[in-house]
Amino acid sequence: MILAGGQGSRLTVLTENTAKPAIPFGGKYRLIDFPLSNCVNSGIDTVGILTQYQPLQLNEYIGNGMPWGLNSSNGGVHVLSPYSKSASSEWYRGTANAIYQNISFMERYHPANVLILSGDHIYKMNYAEMLASHVNNKADCTIAVLDVPIEEASRFGIMSADENCKIYEFQEKPKEPKSTKASMGIYAFRWEVLKKYLTEDNEDSNSSNDFGKNVIPKLVADGRRLFAYEFNGYWKDVGTVSSLWQANMDLLGENPLLDMGEARNRIYSRNYSHPGSYIAPESEIVNSYIAEGSTVYGKIYNSIISTGCLVEKDAEIHNSVVMPNAVIETHSIIRYAIIGEDATVHAYAKIGDDPEFYEKNRWDIAVVGREKEVPQKKILLPKEVY
(Lines give C-alpha, C1' and ligand atoms only; values in the text may rest on other atoms or scores of the structure.)
Protein backbone atom coordinates (compact mmCIF):
# COMPACT_ATOMS: atom_id res chain seq x y z
CA MET A 1 0.00 0.00 0.00
CA ILE A 2 1.57 3.28 -1.17
CA LEU A 3 0.54 6.51 0.57
CA ALA A 4 0.45 9.03 -2.26
CA GLY A 5 -2.17 11.57 -1.19
CA GLY A 6 -0.02 14.23 0.43
CA GLN A 7 -0.18 17.88 -0.58
CA GLY A 8 3.54 18.57 -0.28
CA SER A 9 2.95 22.15 0.86
CA ARG A 10 6.65 22.73 1.61
CA LEU A 11 7.34 22.31 -2.12
CA THR A 12 5.32 25.51 -2.70
CA VAL A 13 4.34 26.19 -6.33
CA LEU A 14 5.61 22.80 -7.56
CA THR A 15 2.57 21.10 -6.00
CA GLU A 16 -0.11 23.73 -6.59
CA ASN A 17 -1.80 21.63 -9.27
CA THR A 18 -0.42 18.15 -8.80
CA ALA A 19 0.13 15.54 -6.11
CA LYS A 20 3.62 15.43 -4.62
CA PRO A 21 4.37 11.86 -5.85
CA ALA A 22 3.77 13.07 -9.43
CA ILE A 23 6.57 15.66 -9.28
CA PRO A 24 9.21 15.08 -11.99
CA PHE A 25 12.65 13.87 -10.92
CA GLY A 26 15.96 13.14 -12.58
CA GLY A 27 15.04 14.21 -16.09
CA LYS A 28 12.54 11.50 -17.01
CA TYR A 29 11.13 10.03 -13.79
CA ARG A 30 8.54 10.99 -11.16
CA LEU A 31 8.72 10.38 -7.42
CA ILE A 32 6.12 7.59 -7.54
CA ASP A 33 8.45 5.60 -9.83
CA PHE A 34 10.67 4.67 -6.88
CA PRO A 35 8.22 2.71 -4.68
CA LEU A 36 6.53 1.22 -7.75
CA SER A 37 9.84 0.04 -9.23
CA ASN A 38 11.01 -1.24 -5.84
CA CYS A 39 7.82 -3.33 -5.61
CA VAL A 40 8.36 -4.85 -9.04
CA ASN A 41 12.04 -5.54 -8.33
CA SER A 42 11.02 -7.19 -5.05
CA GLY A 43 8.47 -9.54 -6.62
CA ILE A 44 5.43 -7.69 -5.24
CA ASP A 45 2.63 -7.72 -7.82
CA THR A 46 -0.41 -6.39 -5.93
CA VAL A 47 -0.21 -2.69 -5.11
CA GLY A 48 -2.74 -0.15 -3.87
CA ILE A 49 -1.92 3.54 -4.38
CA LEU A 50 -3.84 5.85 -2.04
CA THR A 51 -4.43 9.23 -3.69
CA GLN A 52 -6.28 12.33 -2.51
CA TYR A 53 -4.78 15.77 -3.19
CA GLN A 54 -4.82 16.89 -6.88
CA PRO A 55 -4.74 13.28 -8.15
CA LEU A 56 -5.51 13.75 -11.87
CA GLN A 57 -1.94 13.90 -13.20
CA LEU A 58 -0.84 11.08 -10.90
CA ASN A 59 -3.78 8.88 -11.92
CA GLU A 60 -3.07 9.49 -15.60
CA TYR A 61 0.60 8.73 -15.12
CA ILE A 62 0.00 5.42 -13.32
CA GLY A 63 -2.66 4.26 -15.81
CA ASN A 64 -2.97 0.49 -15.73
CA GLY A 65 0.54 0.03 -14.34
CA MET A 66 1.98 -1.49 -17.52
CA PRO A 67 5.33 0.43 -17.52
CA TRP A 68 6.13 -1.16 -14.16
CA GLY A 69 4.76 -4.60 -15.05
CA LEU A 70 1.80 -4.10 -12.72
CA ASN A 71 -1.02 -4.60 -15.22
CA SER A 72 -1.91 -8.13 -14.11
CA SER A 73 -5.57 -9.14 -14.05
CA ASN A 74 -4.88 -10.99 -10.79
CA GLY A 75 -3.48 -8.25 -8.57
CA GLY A 76 -1.71 -5.45 -10.40
CA VAL A 77 -1.92 -1.77 -9.46
CA HIS A 78 -5.05 -0.10 -8.08
CA VAL A 79 -5.56 3.63 -7.53
CA LEU A 80 -7.57 4.06 -4.31
CA SER A 81 -9.22 7.44 -3.71
CA PRO A 82 -11.54 8.31 -0.82
CA TYR A 83 -15.03 7.18 -1.76
CA SER A 84 -18.60 7.62 -0.61
CA LYS A 85 -19.74 5.30 2.17
CA SER A 86 -23.53 5.33 2.77
CA ALA A 87 -24.70 8.96 2.93
CA SER A 88 -21.38 10.79 3.01
CA SER A 89 -17.83 10.66 1.76
CA GLU A 90 -14.81 11.08 3.99
CA TRP A 91 -11.35 12.41 3.22
CA TYR A 92 -8.40 10.43 4.48
CA ARG A 93 -7.56 11.66 7.99
CA GLY A 94 -3.89 10.86 8.48
CA THR A 95 -1.82 7.94 7.23
CA ALA A 96 -3.44 5.30 9.46
CA ASN A 97 -6.98 6.34 8.53
CA ALA A 98 -6.09 6.18 4.83
CA ILE A 99 -5.06 2.54 5.21
CA TYR A 100 -8.07 1.83 7.47
CA GLN A 101 -10.48 3.07 4.81
CA ASN A 102 -9.08 0.45 2.43
CA ILE A 103 -9.31 -2.60 4.69
CA SER A 104 -11.90 -4.14 2.36
CA PHE A 105 -9.50 -3.79 -0.60
CA MET A 106 -6.72 -5.60 1.27
CA GLU A 107 -9.06 -8.35 2.48
CA ARG A 108 -9.82 -9.29 -1.12
CA TYR A 109 -6.31 -10.72 -1.38
CA HIS A 110 -6.22 -12.59 1.97
CA PRO A 111 -2.74 -11.25 2.84
CA ALA A 112 -0.49 -12.70 5.50
CA ASN A 113 1.47 -9.44 5.60
CA VAL A 114 0.97 -5.90 4.31
CA LEU A 115 3.76 -3.52 3.30
CA ILE A 116 3.05 0.20 3.76
CA LEU A 117 5.17 2.70 1.81
CA SER A 118 5.42 6.43 1.14
CA GLY A 119 5.07 7.67 -2.41
CA ASP A 120 7.56 10.54 -2.21
CA HIS A 121 10.97 9.19 -1.17
CA ILE A 122 14.05 8.65 -3.37
CA TYR A 123 15.66 5.27 -2.73
CA LYS A 124 16.17 1.76 -4.08
CA MET A 125 15.32 -1.10 -1.76
CA ASN A 126 14.59 -4.83 -1.95
CA TYR A 127 11.41 -5.20 0.09
CA ALA A 128 11.59 -9.00 -0.23
CA GLU A 129 14.62 -9.01 2.09
CA MET A 130 12.79 -6.87 4.63
CA LEU A 131 9.72 -9.12 4.48
CA ALA A 132 11.90 -12.22 4.94
CA SER A 133 13.38 -10.64 8.08
CA HIS A 134 9.86 -9.76 9.25
CA VAL A 135 8.70 -13.37 8.89
CA ASN A 136 11.85 -14.88 10.42
CA ASN A 137 11.47 -12.66 13.50
CA LYS A 138 7.80 -13.61 13.84
CA ALA A 139 7.27 -9.87 14.03
CA ASP A 140 3.95 -8.09 14.39
CA CYS A 141 5.51 -5.07 12.71
CA THR A 142 8.89 -4.37 11.11
CA ILE A 143 10.05 -0.82 10.50
CA ALA A 144 12.80 0.11 8.04
CA VAL A 145 15.33 2.40 9.71
CA LEU A 146 18.24 4.51 8.56
CA ASP A 147 21.09 5.64 10.77
CA VAL A 148 21.11 9.46 10.75
CA PRO A 149 23.41 12.06 12.37
CA ILE A 150 22.30 12.81 15.93
CA GLU A 151 21.77 16.48 15.07
CA GLU A 152 19.14 15.47 12.46
CA ALA A 153 17.40 12.80 14.54
CA SER A 154 14.74 15.15 15.93
CA ARG A 155 13.21 15.39 12.44
CA PHE A 156 12.27 11.69 12.43
CA GLY A 157 10.50 8.97 14.34
CA ILE A 158 13.36 7.40 16.34
CA MET A 159 13.66 3.72 17.35
CA SER A 160 15.59 2.28 20.26
CA ALA A 161 16.34 -1.41 19.67
CA ASP A 162 18.35 -4.17 21.36
CA GLU A 163 21.16 -6.24 19.84
CA ASN A 164 18.58 -8.40 18.03
CA CYS A 165 16.96 -5.30 16.48
CA LYS A 166 13.86 -5.70 18.67
CA ILE A 167 12.34 -2.27 19.27
CA TYR A 168 11.70 -1.38 22.90
CA GLU A 169 11.07 2.37 22.55
CA PHE A 170 9.75 4.74 19.91
CA GLN A 171 9.95 8.54 19.93
CA GLU A 172 8.13 10.66 17.34
CA LYS A 173 10.37 13.63 16.40
CA PRO A 174 11.94 13.89 19.89
CA LYS A 175 13.67 17.05 21.08
CA GLU A 176 16.29 14.89 22.79
CA PRO A 177 16.64 11.68 20.75
CA LYS A 178 17.90 8.55 22.49
CA SER A 179 18.99 6.83 19.29
CA THR A 180 19.93 7.58 15.68
CA LYS A 181 17.77 4.86 14.10
CA ALA A 182 15.27 6.90 12.08
CA SER A 183 12.05 5.52 10.66
CA MET A 184 11.92 5.61 6.86
CA GLY A 185 8.11 5.40 6.81
CA ILE A 186 8.29 1.82 5.51
CA TYR A 187 6.30 -0.70 7.57
CA ALA A 188 5.68 -4.44 7.23
CA PHE A 189 2.67 -5.56 9.29
CA ARG A 190 1.20 -8.93 10.07
CA TRP A 191 -2.26 -8.49 8.56
CA GLU A 192 -4.34 -9.44 11.59
CA VAL A 193 -2.32 -7.09 13.81
CA LEU A 194 -2.63 -4.22 11.33
CA LYS A 195 -6.39 -4.68 11.00
CA LYS A 196 -6.89 -4.78 14.78
CA TYR A 197 -4.84 -1.65 15.52
CA LEU A 198 -6.27 0.35 12.63
CA THR A 199 -9.80 -0.44 13.79
CA GLU A 200 -9.02 0.55 17.37
CA ASP A 201 -7.28 3.72 16.22
CA ASN A 202 -10.25 4.71 14.08
CA GLU A 203 -12.56 4.35 17.08
CA ASP A 204 -10.36 6.60 19.24
CA SER A 205 -11.76 10.13 18.95
CA ASN A 206 -8.56 11.57 20.43
CA SER A 207 -6.28 10.01 17.81
CA SER A 208 -4.81 11.95 14.91
CA ASN A 209 -4.90 8.66 12.95
CA ASP A 210 -1.20 8.66 12.17
CA PHE A 211 1.19 5.69 12.17
CA GLY A 212 4.08 7.57 13.78
CA LYS A 213 2.05 9.50 16.35
CA ASN A 214 -0.53 6.87 17.29
CA VAL A 215 -0.33 3.35 15.88
CA ILE A 216 3.37 2.57 16.38
CA PRO A 217 3.49 3.97 19.97
CA LYS A 218 0.41 1.86 20.82
CA LEU A 219 2.11 -1.29 19.51
CA VAL A 220 5.18 -0.55 21.64
CA ALA A 221 3.07 0.19 24.72
CA ASP A 222 1.22 -3.11 24.27
CA GLY A 223 4.48 -5.08 24.15
CA ARG A 224 4.01 -6.25 20.56
CA ARG A 225 6.92 -7.76 18.62
CA LEU A 226 8.39 -4.80 16.73
CA PHE A 227 11.69 -5.07 14.89
CA ALA A 228 13.94 -2.58 13.11
CA TYR A 229 15.21 -3.44 9.63
CA GLU A 230 18.42 -1.54 8.97
CA PHE A 231 18.86 0.00 5.52
CA ASN A 232 22.29 1.16 4.40
CA GLY A 233 21.62 2.56 0.93
CA TYR A 234 20.79 6.01 -0.45
CA TRP A 235 17.50 7.46 0.83
CA LYS A 236 16.16 10.99 0.74
CA ASP A 237 12.88 12.48 1.84
CA VAL A 238 12.27 15.19 -0.77
CA GLY A 239 9.82 17.14 1.35
CA THR A 240 11.40 20.54 0.73
CA VAL A 241 12.61 22.45 -2.31
CA SER A 242 16.24 22.20 -1.20
CA SER A 243 16.05 18.44 -0.60
CA LEU A 244 14.40 17.88 -4.00
CA TRP A 245 17.11 19.95 -5.65
CA GLN A 246 19.87 18.10 -3.74
CA ALA A 247 18.51 14.67 -4.69
CA ASN A 248 18.58 15.69 -8.35
CA MET A 249 22.12 16.99 -7.99
CA ASP A 250 23.15 13.68 -6.39
CA LEU A 251 22.41 12.00 -9.74
CA LEU A 252 25.24 14.01 -11.27
CA GLY A 253 27.74 12.66 -8.74
CA GLU A 254 29.41 9.28 -8.63
CA ASN A 255 27.05 7.55 -6.22
CA PRO A 256 26.48 3.97 -7.48
CA LEU A 257 23.49 3.62 -5.13
CA LEU A 258 21.63 5.96 -7.49
CA ASP A 259 22.31 4.07 -10.73
CA MET A 260 18.79 4.32 -12.14
CA GLY A 261 19.34 1.87 -14.98
CA GLU A 262 21.19 -1.05 -13.38
CA ALA A 263 19.75 -4.32 -14.64
CA ARG A 264 18.65 -5.90 -11.34
CA ASN A 265 17.20 -2.83 -9.62
CA ARG A 266 16.21 -0.57 -12.45
CA ILE A 267 13.87 2.38 -11.86
CA TYR A 268 11.04 2.20 -14.39
CA SER A 269 8.92 5.10 -15.61
CA ARG A 270 6.12 5.90 -18.03
CA ASN A 271 8.25 7.43 -20.77
CA TYR A 272 6.00 9.06 -23.32
CA SER A 273 7.39 8.84 -26.83
CA HIS A 274 10.16 11.40 -27.40
CA PRO A 275 12.57 11.80 -30.30
CA GLY A 276 16.27 12.02 -29.66
CA SER A 277 17.68 15.25 -28.30
CA TYR A 278 19.35 17.86 -30.49
CA ILE A 279 22.53 19.37 -29.09
CA ALA A 280 23.65 22.31 -31.26
CA PRO A 281 27.36 22.67 -32.15
CA GLU A 282 27.54 26.05 -30.40
CA SER A 283 26.12 24.68 -27.14
CA GLU A 284 28.31 23.96 -24.12
CA ILE A 285 27.41 21.16 -21.69
CA VAL A 286 29.45 20.21 -18.60
CA ASN A 287 28.58 17.41 -16.12
CA SER A 288 24.88 17.54 -16.95
CA TYR A 289 22.06 15.19 -17.91
CA ILE A 290 19.99 15.97 -21.01
CA ALA A 291 16.87 13.81 -21.30
CA GLU A 292 15.23 12.65 -24.52
CA GLY A 293 13.41 15.09 -26.77
CA SER A 294 15.28 18.21 -25.67
CA THR A 295 16.81 20.89 -27.88
CA VAL A 296 19.85 22.70 -26.53
CA TYR A 297 21.60 25.72 -28.05
CA GLY A 298 22.76 27.34 -24.80
CA LYS A 299 25.24 26.60 -22.03
CA ILE A 300 24.48 24.06 -19.31
CA TYR A 301 26.65 23.32 -16.28
CA ASN A 302 26.00 20.76 -13.51
CA SER A 303 22.30 20.65 -14.29
CA ILE A 304 19.46 18.30 -15.21
CA ILE A 305 17.39 19.08 -18.30
CA SER A 306 14.24 16.96 -18.46
CA THR A 307 12.36 15.53 -21.44
CA GLY A 308 11.06 17.89 -24.10
CA CYS A 309 12.86 21.06 -22.98
CA LEU A 310 14.16 23.91 -25.14
CA VAL A 311 17.24 25.92 -24.14
CA GLU A 312 17.80 28.76 -26.59
CA LYS A 313 21.06 30.30 -27.78
CA ASP A 314 23.00 32.32 -25.21
CA ALA A 315 20.90 31.06 -22.31
CA GLU A 316 22.90 29.79 -19.32
CA ILE A 317 21.86 27.19 -16.76
CA HIS A 318 24.03 26.48 -13.70
CA ASN A 319 23.44 23.94 -10.90
CA SER A 320 19.73 23.74 -11.63
CA VAL A 321 16.85 21.38 -12.41
CA VAL A 322 14.66 22.10 -15.44
CA MET A 323 11.51 19.98 -15.41
CA PRO A 324 9.77 18.51 -18.52
CA ASN A 325 8.72 20.69 -21.47
CA ALA A 326 10.11 23.92 -20.03
CA VAL A 327 11.39 26.66 -22.34
CA ILE A 328 14.43 28.76 -21.44
CA GLU A 329 14.69 31.68 -23.83
CA THR A 330 17.76 33.49 -25.09
CA HIS A 331 20.08 35.34 -22.70
CA SER A 332 18.28 34.04 -19.61
CA ILE A 333 20.57 33.08 -16.73
CA ILE A 334 19.47 30.41 -14.24
CA ARG A 335 21.54 29.54 -11.18
CA TYR A 336 20.65 27.22 -8.30
CA ALA A 337 16.99 26.97 -9.27
CA ILE A 338 14.17 24.59 -10.10
CA ILE A 339 12.11 25.43 -13.18
CA GLY A 340 8.71 23.74 -13.09
CA GLU A 341 7.08 21.56 -15.70
CA ASP A 342 5.78 23.39 -18.82
CA ALA A 343 7.15 26.73 -17.53
CA THR A 344 8.62 29.41 -19.77
CA VAL A 345 11.47 31.71 -18.76
CA HIS A 346 11.43 34.58 -21.24
CA ALA A 347 14.48 36.32 -22.64
CA TYR A 348 16.97 38.14 -20.40
CA ALA A 349 15.38 36.91 -17.18
CA LYS A 350 17.63 36.07 -14.24
CA ILE A 351 16.58 33.28 -11.87
CA GLY A 352 18.47 32.52 -8.63
CA ASP A 353 22.12 33.08 -7.83
CA ASP A 354 25.23 31.52 -6.27
CA PRO A 355 25.08 30.97 -2.49
CA GLU A 356 28.50 32.51 -1.92
CA PHE A 357 27.11 36.03 -2.41
CA TYR A 358 24.42 35.76 0.29
CA GLU A 359 24.11 35.25 4.01
CA LYS A 360 23.03 31.71 4.83
CA ASN A 361 19.54 32.66 6.03
CA ARG A 362 18.90 34.75 2.91
CA TRP A 363 19.81 32.09 0.36
CA ASP A 364 17.93 29.06 -0.93
CA ILE A 365 16.89 27.51 -4.23
CA ALA A 366 14.75 29.79 -6.41
CA VAL A 367 11.60 28.15 -7.83
CA VAL A 368 9.41 28.75 -10.88
CA GLY A 369 6.10 26.91 -10.70
CA ARG A 370 4.43 24.57 -13.15
CA GLU A 371 3.11 26.30 -16.31
CA LYS A 372 4.29 29.72 -15.09
CA GLU A 373 5.65 32.34 -17.48
CA VAL A 374 8.51 34.46 -16.19
CA PRO A 375 8.44 37.87 -17.98
CA GLN A 376 11.36 39.25 -19.95
CA LYS A 377 14.13 40.74 -17.81
CA LYS A 378 12.46 39.52 -14.62
CA ILE A 379 14.85 39.01 -11.68
CA LEU A 380 13.96 36.23 -9.24
CA LEU A 381 16.29 36.27 -6.26
CA PRO A 382 17.46 33.19 -4.34
CA LYS A 383 14.75 31.77 -2.05
CA GLU A 384 12.03 33.51 -4.10
CA VAL A 385 9.14 31.67 -5.72
CA TYR A 386 7.28 32.60 -8.89
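Scroll up to find the structure.
Only a predicted model underlies this, so the values are computations on that prediction, with no experimental measurement involved.

Within the chain, the regular secondary structure consists of eight helices and 32 strands. The C-alpha atoms of the chain give 22 Å as radius of gyration, which agrees with the globular expectation for 386 residues (21 Å, within 12%). The dimensions of the chain, computed from C-alpha atoms along their principal axes, are 65 × 50 × 45 Å. Counting only residues that meet the buried cut, the chain has 52% of its 386 residues in that class. Relative to all contacts within the chain whose residues are 6 or more apart in sequence, the contacts with residues 24 or more apart total 57%. Split by element, the accessible area of the chain, about 17,300 Å² in all, is 46% carbon and sulfur. Charge-centre separation for the chain: the mean point of 37 positive side chains lies 3 Å from the mean point of 47 negative side chains.

A few words now on helix H7 (residues 211-221). Looking at H7, one finds that the buried residues are Phe 211, Gly 212, Asn 214, Val 215, Ile 216 and Leu 219. You can read the cap of H7 off the contacts: a side-chain oxygen lies 2.9 Å from the backbone nitrogen of Gly 212, and it is on Asp 210.

As a further point, take the sheet that holds strand S21 (residues 304-305). As summarised here, the arrangement of the five strands in space is S18-S21-S24-S27-S30, forming an open sheet in which the pairing is parallel. In this open sheet, the two edge strands, each paired with only one partner strand, are strand S18 (289-290) and strand S30 (366-368). Pairing analysis gives three bridges linking strand S27 (residues 337-339) to S30, with the strands arranged parallel. Considered in S30, the bridge of Ile 338 is made with Val 367. Each of S21, strand S24 (321-322), S27 and S30 touches helix H8 (residues 241-250); the most contacted strand, S27, lies at about 90 degrees to it.

Attention now moves to the environment of Tyr 336. Along the polypeptide, Tyr 336 turns up in the loop between strand S26 (333-335) and S27. Relative accessible area serves as the criterion here: at 16%, Tyr 336 is assigned to the buried category. Sequence spacing of Tyr 336 and Trp 245 is 91 residues, and the spatial spacing of their C-alpha atoms is 8.5 Å.

Turning to the pairing of strand S12 (residues 167-172), a few remarks are in order. Bridge count between strand S11 (residues 157-161) and S12: five bridges; the pairing is antiparallel. Bridging across to S12, Ile 158 finds its partner in Gln 171. Connecting S11 to the next strand, S12, in antiparallel fashion are five residues, including Cys 165 with a positive phi near 70 degrees.

Moving on: the sheet that holds strand S19 (residues 295-296). Read from one edge of the open sheet, six strands run S16-S19-S22-S25-S28-S31, paired in parallel fashion. At either end of the open sheet lies a strand with only one pairing partner, and these are strand S16 (278-279) and strand S31 (373-374). In the sheet, strand S22 (residues 310-311) pairs with strand S25 (residues 327-328) via two bridges, with the strands oriented parallel. Within S25, the position partnered with Leu 310 by the bridge is Val 327.

Another aspect to go through is the nonpolar core. Leu 36, Val 47, Ile 49, Met 125 and Ile 186 are the most contacted members of the largest nonpolar core, which totals 35 residues. For this core, the elements supplying multiple residues, two or more each, are helix H1 (33-41), strand S4 (46-50), helix H2 (56-62), strand S8 (113-118), helix H5 (127-136), strand S10 (141-147) and strand S13 (181-190). Looking at which element gives the most residues to this core, the answer is S13, with four residues. If sequence neighbours within four positions are ignored, Met 125 has contacts with Asn 38, Ser 42, Met 130, Ala 144, Ile 186, Tyr 229 and Phe 231. Core analysis: the second largest hydrophobic core is formed by 33 residues, Ile 103, Val 114, Ile 143 and Phe 189 among them.

So, on to H5. Residue pairs spaced three or four apart in an α-helix point in one direction, given the helix's 3.6 residues per turn. By the burial criterion, the buried members of H5 are Tyr 127, Met 130 and His 134. The arc that holds every buried residue of H5, seen down its axis, measures 60 degrees, which confines them to one face. Looking at the buried residues of H5, the elements they touch are H1, S8, strand S9 (121-123), S10, S13 and strand S14 (226-230). A side-chain oxygen of the first residue of H5 lies 2.9 Å from the backbone nitrogen of Ala 128; this N-cap is Asn 126. Just past H5, the residue Lys 138 takes up positive phi, approximately 50 degrees.

Within the fold, Asp 314 resides in the loop between S22 and strand S23 (316-318). For the pair Asp 314 and Phe 105, spaced 209 residues apart in sequence, the C-alpha to C-alpha distance is 54 Å.

What counts as what
Residues numbered from 1 in each chain as written. Predicted model: local features only at pLDDT ≥ 70, side-chain atom pairs only at ≥ 80, totals over all residues. Heavy atoms only, no water. Helix = DSSP H or I, 4+ residues; strand = E, 2+ residues; numbered from the N terminus. Rg over C-alpha atoms; globule rule 2.2 N^0.38 Å. Buried < 20%, exposed > 50% of the residue type's maximum accessible area, 1.4 Å probe, protein only. Contact = heavy atoms within 4.5 Å. Areas by Shrake-Rupley, 256 points an atom, 1.4 Å probe, with all protein chains shown as cover. Lys, Arg positive; Asp, Glu negative; His and termini not counted. Charge placed at Lys NZ, Arg CZ, Asp CG, Glu CD. Polar contact = N/O pair within 3.5 Å; in protein donor to acceptor, adjacent residues only side chain to side chain. Pairing = 2+ DSSP bridges. Axes fitted to C-alpha atoms, helices over the stretch in contact; angles between N-to-C directions. Core = buried A, V, L, I, M, F, W, Y, C linked by side-chain atoms within 4.5 Å. Arc of directions from axis to C-beta.

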